[in-house]
Amino acid sequence: MDYAPRTMMEMSVAFLAFLLAAGTGLLLFQNGASLNSWAYVSGQAQDRSLHQIVSPLLAGDGTMRGTEVLHMLARLEEGDAEMIVDGVRYAAPLEREQLRATGIPLLAKYLPDYERDADGRLLRMMLRRVP
């Protein structure tokens, strides 16, 4: 009579230990997976071969306002692609005093066109005014 309750108690303890081990393993797996994805995202943020584009993705009809064009010209740095706005070429290094803002109407809309080399690097950005 003493054998059955003792076996039931041992099986209960073994089952409880199994559930505890399975739960701990699941938590460790989830923690490892989240750390792995966090490391991947962190590595992408530090990857120097990926560059953020000059302006955010164009929304709507794909045009840019003259104020955005002027802002991009003011931030033109050495090594950036040249910009051609209505036939006028702007290339780095560009002194802010050389920037003729009167030639760019601030409320006009511009449609961008991009020229890239075989590796996908931006060579020049051409902007033409949309009527």
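Residues numbered from 1 in each chain as written. Predicted model: local features only at pLDDT ≥ 70, side-chain atom pairs only at ≥ 80, totals over all residues. Heavy atoms only, no water.

Trainee: What's the story with the confidence of the model for the protein chain in this structure? I'm lost.
Mentor: Caution is warranted with low-pLDDT regions, since their predicted coordinates should not be read in detail. Mean pLDDT for the protein chain: 81, with 82% of residues reaching 70 or above. The weakest mean pLDDT in the protein chain belongs to strand E3 (residues 88-90) at 81; the strongest belongs to helix H1 (residues 3-45) at 91. (pLDDT = per-residue confidence, 0-100. Helix = DSSP H or I, 4+ residues; strand = E, 2+ residues; numbered from the N terminus.)

Trainee: Looking at this model, I keep getting lost on the sheet that holds E3. Mind explaining?
Mentor: For sheets, the rule is that strands pair by backbone hydrogen bonds, running either parallel or antiparallel. Across the sheet, five strands lie side by side as E1-E4-E5-E2-E3; this open sheet has mixed pairing. The two strands at the open ends of the sheet, each matched to only one other strand, are strand E1 (64-65) and E3. Looking at chain direction, strand E2 (residues 82-85) and E3 are connected through three bridges and run antiparallel. What sits directly across from Met83, in E3, is Tyr90. (Pairing = 2+ DSSP bridges.)

Trainee: I would appreciate a short explanation of the nonpolar core in the present structure.
Mentor: One recurring pattern in soluble globular proteins: nonpolar side chains tend to sit buried together. Ranked by size, the top nonpolar core spans 15 residues in total, and within it Val69, Val85, Ile104 and Leu127 carry the most contacts. Ranked by the residues each element gives to this core, the list is headed by helix H2 (residues 66-74), at four residues. Leaving out residues up to four positions away in the same chain, Ile104 has contacts with Gly66, Val69, Leu70, Leu73, Val85, Tyr90 and Tyr110. (Core = buried A, V, L, I, M, F, W, Y, C linked by side-chain atoms within 4.5 Å. Buried < 20%, exposed > 50% of the residue type's maximum accessible area, 1.4 Å probe, protein only. Contact = heavy atoms within 4.5 Å.)

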